[in-house]
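# Residue-level structural notes
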Amino acid sequence: MPIIAANFKTNHTRSSTAKYVSLVNNYLKTNSTSDVYIFPTATSLDYFETVANLHIGAQNAYATQNGSFTGEIGTEQLDEFYIKTILIGHSERRHILGETQEMIAQKYQYFKALGYRIIYCVGEPLEIKESGLDATLQYMQTQFEGIDLSYENLVVAYEPVWAIGTGVTATNDDIVNVHQALKKQCSKPLLYGGSVKLGNVESICQLDGVDGVLIGTASWVAEDFIKIIENTKEL
Ligand SMILES: O=C[C@H](O)COP(=O)(O)O
């Protein structure tokens, strides 16, 4: 059974998130699946009473308990809602918000020391992809600098930047080539992300080396996300 994760990015409100979580939770009460993750906006985090395999995570947090870091949240704010899962290294934080590998590695070390489940994202931009598989794999090595790939609570997500939010999914060959290479390096669950939707999720989840998916756009309507879980739960 694949791991299925929904990244809301900057979408949904506090009230629509609560409805969404409740719908997904109700579905999971009567259906047996692998782990399901929902990453709401920071303002929509809350304590949700959920089944054991539904995890609410933070899209981001600062490597601190609390303090003077305007605009950030730390573990004190996450602890209030018993949140112990975090996305680190997402391409939008790397390429739009300007997080460097050094900042990302520091964040990783901080949350690792606290035992958080970390979904750690890597992936190459288009110009690197156009240079071939070796260049792509080499690029991703730089995204593993300072990252302990043996951390027990780690899930890795391969998300090619050119496939995120573009409607252009990587080909099956692209996915398998990268996943097989990453699997040689790291034995942790490995998700694929990048324009995953209802129409392609089943085939992607069955590819060699794919343990699940991290979905943005196609996860934002609860009913669609539930269909995705439903259609993949027997795989
Ligand atoms: O975190 C999710 C990824 O960025 C994928 O986003 P997307 O499904 O909209 O392409």
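Values in this document were obtained by computation on a predicted structure and should not be read as measured data.

Conventions and cut-offs
- Residues numbered from 1 in each chain as written.
- Predicted model: local features only at pLDDT ≥ 70, side-chain atom pairs only at ≥ 80, totals over all residues.
- Heavy atoms only, no water.
- Disulfide = S-S within 2.5 Å.
- Buried < 20%, exposed > 50% of the residue type's maximum accessible area, 1.4 Å probe, protein only.
- Phe/Tyr/Trp six-rings, centres within 6.5 Å; stacked < 30°, edge-to-face > 60°.
- Helix = DSSP H or I, 4+ residues; strand = E, 2+ residues; numbered from the N terminus.
- 1 Å grid on protein atoms, 1.4 Å probe; cavity = no way out; pocket = protein on both sides within 12 Å on 5 of 7 lines; lining within 4 Å.
- Points joined across faces, edges and corners; volume = space filled by probe spheres on them.
- UniProt positions renumbered as here; feature names shortened; annotations may be inferred.
- Contact = heavy atoms within 4.5 Å.
- Polar contact = N/O pair within 3.5 Å; in protein donor to acceptor, adjacent residues only side chain to side chain.

### Considerations on the state of the cysteines
In total, this model carries zero disulfides according to the counting rule given. Here Cys121 stays unpaired: no disulfide links it, and the sulfur of Cys186, its closest cysteine neighbor, is 13 Å away. Of the residues examined, Cys121 reaches a relative accessible area of 1% and is grouped as buried. Accessibility expressed as a relative area gives 7% for Cys186, which makes it buried.

### Here's the deal with the packing of aromatic side chains
The final tally for this structure, using the stated rule, is 11 aromatic pairs. Where Tyr37 meets Phe39, the ring centres are 6.2 Å apart and the plane angle is 15°; that geometry is what we call stacked. Of the residues examined, Tyr37 reaches a relative accessible area of 1% and is grouped as buried. Using a relative accessible area of 0% as the deciding quantity, one classes Phe39 as buried. Between the aromatic rings of Tyr47 and Tyr82, the centroid separation amounts to 5.5 Å while the plane-to-plane angle is 75°, which identifies the pairing as edge-to-face. One end of the pair, Tyr47, is in the loop between strand S2 (36-39) and strand S3 (54-56); the other, Tyr82, is in the loop between helix H2 (75-79) and strand S4 (85-88), with 35 residues separating them in the sequence. Assessed through its relative accessible area of 46%, Tyr47 is described here as partly exposed.

### So, the layout of surface pockets
Empty space within the largest pocket amounts to approximately 410 Å³. In terms of lining residues, the largest pocket is bounded by 19 residues, among which Lys9, Thr10, Gln59, Asn60 and Arg93 are the most central.

### Describing the UniProt feature "active site" (unreviewed entry) in the chain
The UniProt record marks His90 and Glu159 with the feature "active site" (unreviewed entry), using the residue numbering of this structure. With the annotated positions falling across 70 residues, the maximum pairwise C-alpha distance of 8.3 Å places them together in a single cluster. When the annotated set is filtered for residues lining the largest pocket, what remains is His90. Mapped onto the fold, His90 is located in the loop between S4 and helix H3 (91-95). What makes His90 buried here is its relative accessible area of 6%. If we skip the residues at most four places from it in the chain, His90 touches Asn7, Lys9, Cys121 and Glu159. A polar atom in the side chain of His90 sits 3.0 Å from the backbone nitrogen of Glu92. The residue Glu159 is located in the loop between strand S6 (154-158) and helix H7 (172-185) in this model. In this structure Glu159 comes out as buried when scored by relative accessible area, which is 5%. Residues in contact with Glu159, not counting those within four places in the same chain, are His90, Cys121, Val122, Gly123, Glu124, Ile164, Gly193, Gly194 and Leu214.

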